[in-house]
Amino acid sequence: MSCWRKAFIELAAGEDIFACWYTKEGGYIYMYVPEIEEIGEDGFQGKSKLQFGEIEKIDILRTFKHGNIDLQNDLAFVKAALNKVEGISVIEAGDVLSVELA
């Protein structure tokens, strides 16, 4: 099982986590970690078809505000969940956790 898959299963087992996802091609998108049933062996199988091999890193912000959108992430939960996964690196910088392969 890939490190990304393990990480996303741990995150999806808790609450909704909203993040900025950076791809290896230089792009980025904002989206929630998909539900467990949408996490396949090599990527996501729901609305997002993002493959794990395309992911460079994800940034999980404590708060995200844009217009009427005001989202909160529990960074303590995120850190605890990701500490269970070997092969990833979690760097805390203020109100952001950056997650990438180690």
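Draft legend 1. Broad picture of the overall build of the protein. Summing up its helical and strand segments, the protein has two helices and seven strands in all. Along its sequence from the N terminus, the protein presents helices and strands in the succession α-β-β-β-β-β-α-β-β. Here the C-alpha radius of gyration of the protein, 13 Å, is about what a compact globule of 102 residues would show, namely 13 Å. The dimensions of the protein, computed from C-alpha atoms along their principal axes, are 35 × 25 × 25 Å. Within the span of the protein, comprising 102 residues, buried residues form 37% of the whole. Expressed as a percentage of contacts within the protein between residues at least 6 apart in sequence, the contacts between residues at least 24 apart total 52%. Accessible surface for the protein amounts to roughly 6000 Å². Of this, 48% is attributable to carbon and sulfur atoms. Within the protein, one finds 10 positive and 18 negative side-chain charges whose respective centroids are separated by 1 Å.

Draft legend 2. Molecular detail of the pattern of salt bridges. Within this structure, the stated rule accounts for five salt bridges. Of the charged contacts, one joins Arg5 and Glu41 as a salt bridge, the two residues approaching to 3.6 Å between their closest N and O atoms. Pair noted here: Arg5 is in helix H1 (residues 3-12) and Glu41 is in the loop between strand E2 (28-32) and strand E3 (55-61), with a separation of 36 residues, a long-range link. The partner of Lys79 in a salt bridge is Glu92, with the nearest N and O atoms 3.0 Å apart.

Draft legend 3. Representation of the sheet that holds E2 within the structure. On the basis of which strands lie adjacent, the open sheet formed by five strands has the order E2-E1-E3-E7-E6 and antiparallel pairing. Both edges of this open sheet fall to E2 and strand E6 (88-93), since each of them pairs with a single strand only. The sheet shows a mean angle of 25° between the axes of neighbouring strands, direction not considered. With four bridges connecting them, strand E1 (residues 18-23) and E3 associate as antiparallel partners. Bridge pairing in E3 links Cys20 to Asp59. Sitting on the sheet, helix H2 (residues 75-82) touches E3, E6 and strand E7 (96-101), and the angle it makes with E7 is about 20°.

The rules behind each value
- Residues numbered from 1 in each chain as written.
- Predicted model: local features only at pLDDT ≥ 70, side-chain atom pairs only at ≥ 80, totals over all residues.
- Heavy atoms only, no water.
- Helix = DSSP H or I, 4+ residues; strand = E, 2+ residues; numbered from the N terminus.
- Rg over C-alpha atoms; globule rule 2.2 N^0.38 Å.
- Buried < 20%, exposed > 50% of the residue type's maximum accessible area, 1.4 Å probe, protein only.
- Contact = heavy atoms within 4.5 Å.
- Areas by Shrake-Rupley, 256 points an atom, 1.4 Å probe, with all protein chains shown as cover.
- Lys, Arg positive; Asp, Glu negative; His and termini not counted.
- Charge placed at Lys NZ, Arg CZ, Asp CG, Glu CD.
- Salt bridge = Lys/Arg side-chain N within 4 Å of Asp/Glu carboxyl O.
- Pairing = 2+ DSSP bridges.
- Axes fitted to C-alpha atoms, helices over the stretch in contact; angles between N-to-C directions.

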